[in-house]
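# Chain and residue survey
Residues per chain are reported as follows:
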Amino acid sequence: MKKTKIYLDTTIINFIYADDAPPFRDSTNVFFEKLVKTKKADVYISDVVLREIYKTQNAVKLNKLLGSVKEYDFNVVESNVESRRLANIYLAEKIIPPNKIEDAEHIGVSTVFEMDILLSWNFQHLANYSRKQKVKLVNQREKYFYPLDIISPLELEYERD
């Protein structure tokens, strides 16, 4: 059986350490324990995620985030001309606000590389019903029919131990 392909946006890696949001942190860590460490899913990040991580100003936090990237040894995909073209469409059609370029790029990368899930804690710009529907319409118009779902870790179902 084909493994689920899950693309992580930067919020997922950040929430490993979100001591100010324990329920989200705990849900993120359950995701890592149940799906990432066990390799029950194929998990991806992109150069966009790495670029966002490197913008972290706090050196301690930056080292933690980079340590997690190294520890989990994610599959890394590179954004390309086509993923950036799609991102520009999401921005031009105001699906994603113009100052949230990386959010649009996460969707573009997830679409082009046929991810099953784009996992995010960003409810405002990514993981919400309205945006998902708008992305789906644009993707279909642009001849991308692979069923990308944009969800939070709360929406993943885990096998019981």
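Fair warning: this is a prediction, and the values are worked out from it, not measured in the lab. (Residues numbered from 1 in each chain as written. Predicted model: local features only at pLDDT ≥ 70, side-chain atom pairs only at ≥ 80, totals over all residues. Heavy atoms only, no water.)

Turning our eyes to something else, we now look at the side chain of Lys-5. By secondary structure assignment, the location of Lys-5 is in strand β1 (residues 4-8). The side chain of Lys-5 is buried and forms no salt bridge, while Glu-114, the nearest opposite charge, is found at 5.7 Å. Among the polar contacts listed, one links the side chain of Lys-5 to the backbone oxygen of Phe-113, at a separation of 2.7 Å. Those residues in contact with Lys-5 that sit more than four places away from it in its chain are Asp-42, Tyr-44, Phe-113, Glu-114, Met-115, Asp-116 and Ile-117. (Helix = DSSP H or I, 4+ residues; strand = E, 2+ residues; numbered from the N terminus. Buried < 20%, exposed > 50% of the residue type's maximum accessible area, 1.4 Å probe, protein only. Lys, Arg positive; Asp, Glu negative; His and termini not counted. Salt bridge = Lys/Arg side-chain N within 4 Å of Asp/Glu carboxyl O. Polar contact = N/O pair within 3.5 Å; in protein donor to acceptor, adjacent residues only side chain to side chain. Contact = heavy atoms within 4.5 Å.)

So, about the side chain of Thr-56. Note on placement: Thr-56 falls in the loop between α3 (47-54) and α4 (59-72). A polar contact is formed between the side chain of Thr-56 and the backbone oxygen of Ile-53, at a distance of 2.7 Å.

One non-glycine residue, Glu-114, lies in positive phi territory at about 50°. Taking relative accessible area as the criterion, Glu-114 reaches 42% and is therefore assigned partly exposed. Of note, the phi angle at Lys-143 is positive, near 75°, even though the residue is not glycine. With respect to the helices, strands and loops of the structure, Lys-143 is situated in the loop between α7 (129-141) and β5 (149-151). Accessibility expressed as a relative area gives 63% for Lys-143, which makes it exposed.

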